[in-house]
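Listed here are the chains, written in short residue letters.
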Amino acid sequence: MKGVMLIVWALVAALCAVAFGFVTGLFNPVEKVNGLWLVVAAACFYVLALRFYGRFLARRVMELNDQRVTPAHRLYDERNFYPANKYVLFGHHFAAIAGAGPLLGPVLAAQFGFLPGFLWLVIGAVLAGAVQDFIILVASLRRNGRSLPEIARDELGTITGTATAVAVLFIVVVALAGLGLAVVNALYRNAWGTFTIVMTIPIGFLMGFYLQKFRPGRVGEVSALGVTLLIVAVAAGRMVAQSDLASWFEIDRSTLVWLLAGYGFLASVLPAWMLLIPRDYLSTFMKVGVVALLAIGVILLAPPIEMPRVTGFIHGGGPIIPGTLFPFVFITIACGAISGFHSLVSSGTTPKMIARESHAIIGYGAMLLESVVGVMALIAASVLVPGDYLAINTMLSSDSLADMGFPVSRVQELSRLVEVDISGRPGGAVSLAVGMASIFAGLPGMSGLMSYWYQFALLFEALFILTTIDAGTRVARYLVQEMGGRFYAPLQRINWWPGALLSSAAVVGGWGYLIGTGSISTIWPMFGAANQLLGTLALCIGTTVLIKMRKSQFLWITTVPMVFVGAITLTGSYEMFGLFVGMAAGVRDEGQAFALYLDAALVGVVALLAVVVLVDSTRQWYGYLIQGRPFTSSEVVMMSGGGASAAGSRPTISDGVHLPTGGCC
């Protein structure tokens, strides 16, 4: 059997190499690459990475041991800490980390050509993103499920802990602005899409009350109810768009911004079971199901990739992202390859529900699955003719695009097929929906349903985004209360209504303002840079964890991606700072100039925070590794059967005894 498996893995590796040969142009360089080769190359690469590199990290580096008693057992409270089924937990973790970033980032990065984004998606996810998620998950698992800022404070001191906390808050707010902007650009003057999305809110409420109050535990019933009502909402949306009610849902951009902010506010302060939980549940079905269907469509249709491997915009001056290939393709891809936001999930709910240490490999696998989402989004955008792609994602005229060498081909025809004017809708959401609808409509028996597929794709994207917005607003509210509680103690009580209302208003006001005053060319690169900087900080903290585990021979695992990602994002932050200042100096409108100066200041602050963390951490690493200074660790080691020792000064607890749930958790 071992010999057979070696042959199987060798064949997978060979198929992976051949597929990469076609994708990169080593084979048939003058012909358009088939989308099928991108799917094959990515799938083989991910499978090999999970089997070999993931197993190496689990067994040799972190040494996962099922004899350790996890916080799910030691701190069991039936609410936050409890052992979950590993497959259910994988679904939860994937739903929590997979927001709109892997959908929109690769679409916007297609401006540079499909090849740079594809390579960073697959290689970055395997060597950087999945490594960060897995190591932070294990680090939190062995520290009673503590959050990333708390781990930073425990392991690296007050300076790094405080800088990390401030950076996390900033990054969450900017992330929400970037994601919310995509929703606004997709829905303004779109009665069908707006009606459908609005209807998901009462559907979510109904599902929440149904599962919590009317029929507790009836998961199958509420699933059927939610999916059925979603289909009805999509179908009814077309009738509304063609009726006298259409004017009610053809909402202008600024109104949509504040309606979205109002939704985020309600989702932040209402009990989670009313809206957050049912939306997460619906989102999980939609995410996995639609991505699988899209992959099947690409496999069956094998569509040609119309976007060239690289475009002339790699040298800068692009109409979507104005910067050069380095560093902006990495910043724009964002979550599909590495996301600092994931470290908040890996040190949030998931470590509190892991039944056995070996289940922590879900942290590595879920990141690879998110990268699959990014690859499928890149394919969906790249099957569009480049001129059509740019006509959708910019406000440039057809003549201007033709002068740039990208003539518009089918935008008018596509607008007719989807029954919405799709030109001049930047943000990535509309072009992704059009690409997805084109693939779905090519399936047998689906040719006349492109308008439905388009609205369904928008609904799919919006559920991704709104789930991130409501959950992210709640997380940001907690951070504001935690930080404000150092100055006014009652704020730390997350159930204190005045604190919850004021903190939520501050958060939605922040990201609402950024949406209202920014554009995709300013907000998305800022979000990408901030998110990647948090990834750099998470890898920095992971390096400290390895040092304190006495695993210095494996420091290359975290330091190499940390240095690479850090260099990219600090360079990008420097360029964005100069870009925003230059743009502000060239505009006459004082309000717009102020917004650009504010963007520049925010980028500068988060970059400075990252430098503070890196410098302080490097100083401490030098003391530990070169000077031989002693160190302590906050890691808790509890073995089943009552034996074991703690890595720090925590006492050993016998098996079956639960620690109190107050204090650190």
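Each remark here, short or long, concerns the structure printed above.
For the structure given in this document, a descriptive report is provided here. (Residues numbered from 1 in each chain as written. Predicted model: local features only at pLDDT ≥ 70, side-chain atom pairs only at ≥ 80, totals over all residues. Heavy atoms only, no water.)

Quick word on helix α20 (residues 429-441)
Note that an α-helix has 3.6 residues per turn; residues three or four places apart therefore point the same way. The line we're drawing: Counting from the N terminus, the helices are the DSSP runs of H or I reaching at least four residues and the strands are the DSSP runs of E reaching at least two. One less than the number of residues in a helix, times 1.5 Å, gives the span that helix is expected to have. Accessibility here uses a 1.4 Å probe with only protein chains present; expressed as a share of the type maximum, an area under 20% marks a residue as buried, one over 50% as exposed, and anything in between as partly exposed.
The terminal C-alpha atoms of α20 lie 18 Å apart, and with 13 residues this matches the ideal 18 Å at 1.5 Å per residue to within 8%. For α20, the full list of buried residues reads A429, V430, S431, L432, A433, V434, G435, M436, A437, I439, F440 and A441.

A look at the pattern of salt bridges
Here the idea is simple: oppositely charged side chains can pair when their charged atoms come close. Operational definition: What counts as a salt bridge is simple: a side-chain nitrogen of Lys or Arg found within 4 Å of a carboxyl oxygen of Asp or Glu.
Tallied over the full model, the rule gives eleven salt bridges. In this structure, E357 and R142 form a salt bridge, with 2.9 Å as the shortest nitrogen-oxygen distance. Within this pair, whereas E357 is found in the loop between α15 (340-346) and α16 (362-382), its partner R142 is found in the loop between α6 (114-141) and α7 (148-156), the two being separated by 215 residues in sequence. Taking relative accessible area as the criterion, R142 reaches 3% and is therefore assigned buried. What you see here is one network of salt bridges that share partners, running through R68, R142, E357 and E635.

With respect to the environment of L229
How we decide: Residue contacts are counted whenever heavy atoms from the two residues lie within 4.5 Å of one another.
With respect to the element layout, L229 can be found in helix α10 (residues 219-241). Given the relative accessible area of 26%, L229 is considered partly exposed. Put simply, L229 and I203 are 26 residues apart on the chain and 7.0 Å apart in space, counted from C-alpha to C-alpha. Excluding its chain neighbours within four sequence positions, the residues that come into contact with L229 are I203 and L206.

Quick word on the environment of G105
Considering the arrangement of structural elements, one finds G105 in helix α5 (residues 101-109). Taking the C-alpha atoms as reference, G105 lies 4.3 Å from I333; in sequence the two are 228 residues apart.

Some points on the packing of helix α2 (residues 35-61) against α16
Helices that pack against each other are described as a pair by the angle of their axes relative to one another and the distance between those axes. Counted only if it meets this: The axes used here are C-alpha line fits, helices contributing only the stretch in contact, and every angle between their N-to-C directions lies in the interval 0 to 180 degrees. When describing relative orientation, an angle under 35 degrees is termed roughly parallel and one over 145 degrees roughly antiparallel, while 65 to 115 degrees is termed roughly perpendicular and anything else oblique. Each crossing gets its handedness from the near helix: less than a right angle anticlockwise from the far helix is left-handed, clockwise is right-handed. The nonpolar class holds Ala, Val, Leu, Ile, Met, Phe, Trp, Tyr, Cys and Pro. Asp, Glu, Lys and Arg form the charged class, and all remaining residues, Gly among them, are polar.
Contact pair α2 / α16: the axes reach a minimum separation of 10 Å and the direction vectors enclose 165°. As far as their axial angle goes, α16 and α2 are roughly antiparallel. The handedness of the crossing between α2 and α16 comes out as right-handed. Of α16, the residues touching α2 (which contributes G35, L38, V39, A42, Y46, A49, L50, Y53, G54 and L57) are Y364, G365, L368, S371, V372, V375, M376 and I379. Here the contact of α2 with α16 is built from residues that sort into 14 nonpolar, four polar and no charged.

As for the side chain of S633
Under the convention used in this document: Contacts described as polar in this section are N or O atom pairs within 3.5 Å, which, within protein, must combine one atom able to donate a hydrogen with one able to accept it, while residues neighboring in sequence count only if both atoms come from side chains.
Mapped onto the elements of the fold, S633 is located in the segment after α25 (590-625). Since its relative accessible area comes to 9%, S633 is described here as buried. A polar contact of 3.4 Å, which involves the side chain of S633, links it to the side chain of R143. Engagement of the side chain of S633 in a polar contact is seen with the backbone nitrogen of E635, the distance being 3.1 Å.

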